[in-house]
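For reference, the chains in residue letters:
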Amino acid sequence: MEKFQLLVEHLKSTGLFNKACHFRPGISKIELLQQGHCPNYIQRFISNTLTAKELRRMGLPWSEGLVKRTLISPNGTFLTAQLALKHGIACHLAGGTHHAHVDFASGFCIFNDLAITAKALLAQGKVNKILIFDCDVHQGDGTASILQHEKRAYTCSIHCEKNFPAKKALSDFDVGLPPGTSDKEYLDCVQSTLDVAIKNQQPDLILYDAGVDIYQHDPLGLLNITLQGIRLRDKMVLETSKKNNIPIATVIGGGYDDDRYALAKRHAIVIEEAFTAFTH
Ligand SMILES: [Zn+2]
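Quick look at the structure, then.

Conventions and cut-offs
Residues numbered from 1 in each chain as written. Predicted model: local features only at pLDDT ≥ 70, side-chain atom pairs only at ≥ 80, totals over all residues. Heavy atoms only, no water. Core = buried A, V, L, I, M, F, W, Y, C linked by side-chain atoms within 4.5 Å. Buried < 20%, exposed > 50% of the residue type's maximum accessible area, 1.4 Å probe, protein only. Helix = DSSP H or I, 4+ residues; strand = E, 2+ residues; numbered from the N terminus. Donors = N, O, S within 2.8 Å, 3.2 Å for Na, K, Ca; no water. Tetrahedral: all angles 85-135°; square planar, octahedral: opposite > 155°, others 65-115°. Patch = residues over 30% accessible without salt bridge, like charges linked within 9 Å, V, L, I, M, F, W, Y side chains within 5 Å. Areas by Shrake-Rupley, 256 points an atom, 1.4 Å probe, with all protein chains shown as cover. Salt bridge = Lys/Arg side-chain N within 4 Å of Asp/Glu carboxyl O. Lys, Arg positive; Asp, Glu negative; His and termini not counted. Charge placed at Lys NZ, Arg CZ, Asp CG, Glu CD. Pairing = 2+ DSSP bridges. Right-handed = clockwise from strand over helix to strand, strands pointing away.

1. Notes on the nonpolar core
Link 1 in the chain: The biggest cluster of nonpolar side chains holds 47 residues, and the ones touching the most others in it are L131, F133, I158, Y186, I206, Y208 and L223.
Link 2 in the chain: Secondary-structure elements contributing two or more residues to this core are α1 (2-14), β2 (130-134), β3 (153-160), β4 (173-177), α8 (183-201), β5 (205-209), α9 (227-243) and α10 (260-279).
Link 3 in the chain: No other element matches the eight residues that α10 contributes to this core.
Link 4 in the chain: Core analysis: the second largest hydrophobic core is formed by 36 residues, M58, L66, F111 and I132 among them.

Encoded structure:
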């Protein structure tokens, strides 16, 4: 949890975080959460009546503080997507809880901000087609499953095949990479997958999960991607969306490290690259 605060502090220290471009989401309306989740599950999480088994699968201890941040975060991704539609680019300093399913939490993810945002924007008629481009090292199984019958939301996941979750869902497009994949093959894969998805789907908006658990020293990742590889990936995705005139909203996704400062700096890469790509 500490990484979120450290990310803000790091961005302040680099001058990328200022009041003019800073927005704070409030708590999500229940109707927004219901775009992706069943009412009974939402209420049982809020009132701390999930079963012990459900809590184990969630992977986080329940607390009032957890409820508060879990209720705010999906609204942050929703707000980010709306700002991206207006300005071409917007970055959420959280988000990417892609393992959350319709009626259960999994892998530290409780409400699925990506699926919720996609469904809410489609329901409001703000977009006709949305691409969820998930580059976290773990498959976006919850997103794929919540959106499986929503043809206007195209789910694309590039992940490590041998990693969590053991039982993969079926995204519209899955790329399961072998453990140890390094920069060159990874970046070629990201570019070609994104190019094909844009060409075939012609999305009005891209939701980009820029998870940094692809990093070679991440304890929960199995890929061999360098810091420079992460930077090149983010630059590539952002520049490709800009070149195609498709608004892009980014979320930070997964990333793990005992050194929280180093982790916050890794999550800052996508924001730094967004700043560079869209101001030059
Ligand atoms: Zn992950």
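2. What to know about the coordination of the zinc ion
Link 1 in the chain: Taken together, the protein donors to the zinc ion comprise D136 (OD), D136 (OD), H138 (ND1) and D213 (OD), at separations of 1.9 to 2.8 Å.
Link 2 in the chain: Metal-centred angles of 52 to 153 degrees between the four donor atoms at the zinc ion mark the site as irregular.
Link 3 in the chain: Mapping the donors of the zinc ion onto the primary sequence yields the spacing D-x1-H-x74-D. Comparing D136 with H138 shows no difference in burial state: the two are buried.

3. Structural notes on unusual backbone geometry
Link 1 in the chain: For the bond from F164 to P165, the omega torsion is -5 degrees, close enough to zero to count as cis.
Link 2 in the chain: Mapped onto the fold, P165 is located in the loop between β3 and β4.
Link 3 in the chain: Of note, F108 is a non-glycine position whose phi angle comes to about 70 degrees, a positive value.

4. With respect to a positive patch on the surface
Link 1 in the chain: Positive charge collects at one region of the surface, where K12, K19, R24 and K68 lie side by side.
Link 2 in the chain: Along the chain, the position of K12 falls in helix α1.

5. Things to note about the pairing of strand β6 (residues 248-251)
Link 1 in the chain: Alternating residues of β6 divide into I248 and T250 and A249 and V251, and every residue in both groups is buried.
Link 2 in the chain: Examined bridge by bridge, strand β1 (residues 89-91) and β6 share three bridges and lie parallel to one another. Bridged to A90 within β6 is A249.
Link 3 in the chain: Relative to β6, β5 runs parallel, the two being bridged by four bridges. Looking across to β6, one finds that Y208 is bridged to T250.
Link 4 in the chain: One crossover worth recording links β5 to the parallel β6 by way of α9, and it is right-handed.

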